[in-house]
Amino acid sequence: MARERKFNTVELFHEAKQLLLQHGYDGFTFSLLAERMEVSRAALYKYYENKEELITDFMIYEMEEFLNDLKKMEELDGFEKQFDFLMDLIFKKTEVHHLIEAAQQVLARIEHSMESKAKLKKLPLEMYKYLHGFILLGKKEGVLKKHLPDSLIIGFILQTVAIPNHFAVPQREWLTSIKEIISQGMFMN
């Protein structure tokens, strides 16, 4: 009998991420993952009972990574520096937007680990806490309009990552243009 190829959690999560982004939650299977990693399905079942358990742990890992990066934003002085940092971060980690959507599907289907489910529910709220602090700073500094709802501003900024770049504008130019539209609008004064 041949020995099973060894793999680590980082490799497993990397491949799971690629499949989730390519096939979505419903198209993700242990068979596809095993084939991609060149291991047997049994090797995966040694670590996870089902895809929901694997995806839950993967989502927690990804969201914790994003949250750790997001926390670094508070180390920067002033709203404008934090804004540049946040925009660079969300365009570096564009998949977080898709993963939060997938997390909602997982939450609706998992029953096995209440601890994992609670943690997966808690992480987007922690992200929101940091983003809300960022918005409050912008309002305090007089950079953001006080009458605009905080959740609208957060959603607007986070959703910019979903704007399709149909004309293949270079990434740096695309990001700079989005920052300009958010911060200065698109109308000529």
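Structure shown above.
Predicted, not measured: the structure shown is a model, and the values here were computed from it.

## Quick look at the overall build of the protein
Moving on, step 1. Within the protein, the secondary structure is distributed over nine helices and zero strands.
Moving on, step 2. What you see in the protein, going N to C, is helices and strands ordered as α-α-α-α-α-α-α-α-α.
Moving on, step 3. The buried share among the 189 residues of the protein stands at 39%.
Moving on, step 4. Pairs at least 24 residues apart make up 64% of the contacts formed inside the protein by residues separated by at least 6 positions.
Moving on, step 5. When the accessible surface of the protein is split by element, carbon and sulfur atoms take 54% of a total near 11,800 Å².
Moving on, step 6. Each charge class in the protein was averaged separately, 25 positive and 29 negative side chains, and the resulting centres sit 2 Å apart.

## Things to note about the side chain of Lys179
Moving on, step 1. With respect to the helices and strands, the residue Lys179 is situated in helix α9 (residues 171–184).
Moving on, step 2. A polar contact of 3.3 Å, which involves the side chain of Lys179, links it to the side chain of Asp88.
Moving on, step 3. Setting aside anything within four residues of it in sequence, one finds Lys179 in contact with Phe83, Asp84, Met87, Asp88 and Arg172.

## A word on the pattern of salt bridges
Moving on, step 1. Summed over the entire model, instances satisfying the criterion amount to 10 salt bridges.
Moving on, step 2. Across the pair Lys179 and Asp84 runs a salt bridge, and its minimum N-O distance is 3.5 Å. One end of the pair, Lys179, is in helix α9; the other, Asp84, is in helix α5 (residues 79–92), with 95 residues separating them in the sequence.
Moving on, step 3. Judged by its relative accessible area of 13%, Lys179 falls in the buried class.
Moving on, step 4. Taking the relative accessible area as the measure of exposure, Asp84 reaches 35% and is therefore partly exposed.
Moving on, step 5. Of the charged contacts in the structure, one is a salt bridge between Asp88 and Lys179, with a shortest N-O distance of 3.3 Å. Residue Asp88 is located in helix α5, and its partner Lys179 is located in helix α9; the two are separated by 91 residues in the primary sequence.

## Points about the packing of α5 against α9
Moving on, step 1. Running from N to C, α5 and α9 point in directions that differ by 135 degrees, and their axes come no closer than 11 Å. The angle between α5 and α9 places the two elements in the oblique class. For the pair α5 and α9, the crossing hand works out as right-handed. Between α5 and α9, the contacting residues are Phe83, Asp84, Met87, Asp88 and Phe91 on the first element and Gln171, Arg172, Trp174, Leu175, Ile178, Lys179 and Ile182 on the second.
Moving on, step 2. Taken together, the residues of the contact of α5 with α9 sort by class into seven nonpolar, one polar and four charged.

Rules behind the numbers
Residues numbered from 1 in each chain as written. Predicted model: local features only at pLDDT ≥ 70, side-chain atom pairs only at ≥ 80, totals over all residues. Heavy atoms only, no water. Helix = DSSP H or I, 4+ residues; strand = E, 2+ residues; numbered from the N terminus. Buried < 20%, exposed > 50% of the residue type's maximum accessible area, 1.4 Å probe, protein only. Contact = heavy atoms within 4.5 Å. Areas by Shrake-Rupley, 256 points an atom, 1.4 Å probe, with all protein chains shown as cover. Lys, Arg positive; Asp, Glu negative; His and termini not counted. Charge placed at Lys NZ, Arg CZ, Asp CG, Glu CD. Polar contact = N/O pair within 3.5 Å; in protein donor to acceptor, adjacent residues only side chain to side chain. Salt bridge = Lys/Arg side-chain N within 4 Å of Asp/Glu carboxyl O. Axes fitted to C-alpha atoms, helices over the stretch in contact; angles between N-to-C directions. Parallel < 35°, antiparallel > 145°, perpendicular 65-115°, else oblique. Left-handed = near helix turned anticlockwise from the far one by under 90°. Nonpolar A, V, L, I, M, F, W, Y, C, P; charged D, E, K, R; others polar.

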